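# Chain and residue survey
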Amino acid sequence: MAVTIEDLYRNYGVLADAKDNLSQHKDAYQVILAGVKGGPKEKRLAAQFIPKFFNSFPELADAAINAQLDLCEDEDVSIRRQAIKELPRFATGENIFRVADILTQLLQTDDTAEFNQVNVALISIFKMDAKGTLGGLFSQILQGEDIVRERAIKFLSTKLKTLPEDIMTKEVEEYVFAETKKVLEDVTGEEFVLLMRVASGLRVLQTVNGRQQLVELVVEQADLDQALNPADPDAVDRLLQCTRQALPLFSKNVHSTRFVTYFCEHVLPNLSTLTSPVAELDIQLEVLKLMAEMSPYCGDMEKLEANLTILFTKLLEFMPLPPEEVENGENSASEEPKLQFSYVECLLFSFHQLGKKLPDFLLDKVDGERLKDFKIRLQYFARGLQVYIRQLRVALQGKTGDALKTEENKIKVVALKITNNINILIKDLFHNPPSFKSTVTLSWKPVQKTEAVAAKRLSSEEMGSGAATKKQITPLPRRDARQIYNPPSGKYSSSIGNFNYEQRGGFRGGRGRGFGARGNRSRGRIY
């Protein structure tokens, strides 16, 4: 016979009045458990009554939890929400892991309100036992269905940083890091990024040693012991993503040497054959920017001279010789070389940074004819820079405030940064002996406060150079995207522009060592 509303209230009254003698009324609690088989009203009452007396009947613990889980899977979303809301009341003692595991599986719901209720419940049991809750979460991340795994990782990446130190203790953070390393053995690209966000946010890793551990994690994921296959977009993508994750970790004490060495030995020689993982991404420029950003943090390098030679050779490729002159002193009718300012900024900056470690490289390690050729290229490039500097000064003269915020003028300001940086670096290399003392901020890096003030005034010292044939702007795909300046073909072009916004791609493919494929682990309910 089905349990009615009256039955539930009557037995609830029995239990409520029993006080210290609750254990003697096992039959009354069993009637309440049977309420999950009733209609919608009975189920809603059962969802509230079952957890209230749960701790008084340990011998019925499994039956009680299973009854509540039946309600968590009910067709009526309001019943599910009520049951989920009460789940944290079951999270006592050894049950904390099981309840966390259950709630993690419930993250797969597509109902927004229900999903939010699960999040609230998980945070609630975090406050009871953070380590036990994490055990349930990581259990599902390691063994659960793909949708559950994905949402559990996103939960950790967004919620852990909001928890106070009295919950996220040193012991708890160390547990998070240990479990995260297990998960990283088998991840997709997106998962890798999220898990690195989790790990890098741990207070226990905010030390030199901690950041070094994080870099080692990234090195392992990047497979820096293996040669790069430039034709494999997945391999290229993995390297890009890993390098981006490592970049914020580098400092004067945490070196980028392994990455810089790998880029010199395996990436730069294959630069022109790299297969982009995303159609809109200028893969060569992206690689050169990453190389430039890492180079200031490079430590002692075993094959410094050999790697500098590789970098020097690549720089020469992007610094053309001047056009040949005919007898009357006029330039020949052949097409003038294209000056690729963005590429040259990156390569010059990287060469300048690594050159500090071997300052006699150009004089002692490069033969006379090659050095002469290099200086001719530098001189030609420098002449072109001066033309663009003058053009941009005229274009931006007197513009302040809102006038500088137009898309066209933003492009011109960035062009100034790029060409000004190149100008400074070229001047250093023209010294005899070459100097490596000047400091520049890469054009896509955040502007310092002092630079921001100067930019508003647009003083003549700040104006660098840059011009192009056409302007092309595409929508900014992500907040951290960087502007790319592609300069003109002609040395004396009078127009400005041809900017594109970089769009970064994610990993391709499934999970696996080296971001290969993982199997689908759909198994149904495993509570």
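Because the structure is predicted, anything quoted here is derived from the model rather than measured.

## Topic: the overall build of the protein
Within the protein one finds 21 helices and two strands. Relative to its full complement of 527 residues, the protein shows a buried share of 52%. Of the contacts formed within the protein by residues at least 6 apart in sequence, a portion of 75% connects residues at least 24 apart. Carbon together with sulfur atoms contributes 48% to the accessible area of the protein, which is approximately 24500 Å² in total.

## Remarks on unusual backbone geometry
In this chain, N432 is followed by P433 through a cis amide linkage whose omega measures 0 degrees. As for its placement among the helices and strands, P433 is situated in the loop between α20 (407-430) and α21 (449-457). Of note in this structure, D223 is not a glycine but carries a positive phi near 55 degrees. Along the polypeptide, D223 turns up in the loop between α12 (208-222) and α13 (233-246).

## Some words on the environment of C242
Here C242 shows up in helix α13. For the pair C242 and F192, spaced 50 residues apart in sequence, the C-alpha separation works out to 8.6 Å.

## Concerning the nonpolar core
Counting residues in hydrophobic clusters, the biggest one holds 151 residues, and the most contacted among them are Y29, I50, L103 and F374. Counting residues per element, this core draws most heavily on helix α17 (residues 341-355), which supplies nine residues. Within the second largest apolar cluster, six residues are counted, among which are L392, L396, A415 and L416.

## A short note on the packing of aromatic side chains
The tally for this structure, following the rule as stated, stands at 15 aromatic pairs. Between Y9 and F49, the aromatic rings sit 6.0 Å apart at their centres with planes inclined by 70 degrees, giving edge-to-face as the arrangement. Here Y9, found in helix α1 (residues 5-18), pairs with F49, found in helix α3 (residues 40-52); they are 40 residues apart in sequence, far enough to count as distant. When its relative accessible area of 47% is taken as the criterion, Y9 is described as partly exposed. Plain terms: the ring middles of F126 and F155 are 6.3 Å apart, the flat faces sit at 20 degrees to each other, and that makes the pair stacked. A residue pair is termed long-range when its members are at least 10 positions apart, and F126 in helix α7 (residues 112-126) and F155 in helix α9 (residues 146-159) qualify at 29 residues. Each member of the pair, F126 as well as F155, is classed as buried. Each member of the aromatic cluster is reached from another via a ring pair, and the members are Y9, Y12, F49 and F53.

## Some remarks on the state of the cysteines
Counted under the stated rule, the structure contains zero disulfides. Not engaged in a disulfide, the cysteine C298 finds its nearest cysteine sulfur in C264; these two sulfurs lie 7.6 Å apart.

## Quick notes on the pattern of salt bridges
Going through the model one piece at a time under the given rule, you end up with 25 salt bridges. Ionic pairing is found between D74 and K43, a salt bridge with its closest N-O pair at 2.6 Å. Here the residue D74 occupies a position in the loop between α4 (61-72) and α5 (77-86), and K43 occupies one in helix α3, the gap between them amounting to 31 residues. For K445, the salt bridge goes to E293, with nearest N and O atoms at 3.1 Å. Here the residue K445 occupies a position in the loop between α20 and α21, and E293 occupies one in helix α15 (residues 283-294), the gap between them amounting to 152 residues.

## Examining the packing of helix α6 (residues 95-105) against α7
Their axes nearest at 10 Å, the elements α6 and α7 cross at an angle of 160 degrees. With respect to α7, the element α6 is oriented roughly antiparallel. Handedness of the α6/α7 crossing: left-handed. For the pair α6 and α7, the contacting residues are I96, V99, A100, L103 and T104 in the first and V118, A121, L122 and I125 in the second. Taken together, the residues of the contact of α6 with α7 break down into eight nonpolar, one polar and no charged.

## Examining helix α19 (residues 368-396)
One turn of the α-helix equals 3.6 residues, which is why residues spaced by three or four share an orientation. Compared with the 42 Å implied by 1.5 Å per residue over 29 residues, the 41 Å span of α19 between its first and last C-alpha is a close match. Its side-chain oxygen 3.2 Å from the backbone nitrogen of E369, D367 forms the N-cap of α19. One or two steps after α19, the chain reaches G398, where phi turns positive at roughly 80 degrees.

## Considering α3
The end-to-end C-alpha distance of α3, which contains 13 residues, comes to 19 Å, matching closely the 18 Å that a straight helix rising 1.5 Å per residue would cover. At A46, α3 shows its strongest bend, of approximately 25 degrees. Of the positions making up α3, those classed as buried are E42, K43, L45, A46, A47, F49, I50 and P51. For α3, the secondary structure elements touched by its buried residues are α1, α2 (26-34), α4 and α5.

## Observations concerning the packing of α13 against helix α14 (residues 257-267)
In a pair of packed helices, the angle between the axes and the distance between the axes together describe the arrangement. Packing of α13 against α14 leaves a shortest axis separation of 12 Å and a crossing angle of 155 degrees. One element, α13, and the other, α14, form an angle in the roughly antiparallel class. Considering the relative orientation of α13 and α14, their crossing is left-handed. Contacts from L239, C242, T243 and A246 of α13 reach α14 at F259, Y262, F263 and V267.

## A closer look at the environment of L348
Following the sequence through the fold, L348 ends up in helix α17. Taking the C-alpha atoms as reference points, L348 and I426, 78 residues apart in sequence, are found 8.0 Å from one another. With residues near it in sequence (within four places) discarded, L348 still touches L315, I422, L425, I426 and L429.

## A look at the confidence of the model for the protein
Across the protein, the average pLDDT comes to 83, with 82% of residues at or above 70. The weakest mean pLDDT in the protein belongs to strand β2 (residues 499-501) at 31; the strongest belongs to α14 at 97. Within the model, pLDDT remains below 50 along residues 450-514, and this stretch shows 209 contacts once partners closer than five positions in the same chain are excluded. Under a pLDDT of 50 for its full length, residues 516-527 has, in the predicted model, 37 contacts with residues more than four places off or in other chains.

The rules behind these values
Residues numbered from 1 in each chain as written. Predicted model: local features only at pLDDT ≥ 70, side-chain atom pairs only at ≥ 80, totals over all residues. Heavy atoms only, no water. Helix = DSSP H or I, 4+ residues; strand = E, 2+ residues; numbered from the N terminus. Buried < 20%, exposed > 50% of the residue type's maximum accessible area, 1.4 Å probe, protein only. Contact = heavy atoms within 4.5 Å. Areas by Shrake-Rupley, 256 points an atom, 1.4 Å probe, with all protein chains shown as cover. Core = buried A, V, L, I, M, F, W, Y, C linked by side-chain atoms within 4.5 Å. Phe/Tyr/Trp six-rings, centres within 6.5 Å; stacked < 30°, edge-to-face > 60°. Disulfide = S-S within 2.5 Å. Salt bridge = Lys/Arg side-chain N within 4 Å of Asp/Glu carboxyl O. Axes fitted to C-alpha atoms, helices over the stretch in contact; angles between N-to-C directions. Parallel < 35°, antiparallel > 145°, perpendicular 65-115°, else oblique. Left-handed = near helix turned anticlockwise from the far one by under 90°. Nonpolar A, V, L, I, M, F, W, Y, C, P; charged D, E, K, R; others polar. Expected span 1.5 Å × (residues − 1). Polar contact = N/O pair within 3.5 Å; in protein donor to acceptor, adjacent residues only side chain to side chain. Bend = angle between axes of the 7 residues up to and from the residue. pLDDT = per-residue confidence, 0-100.

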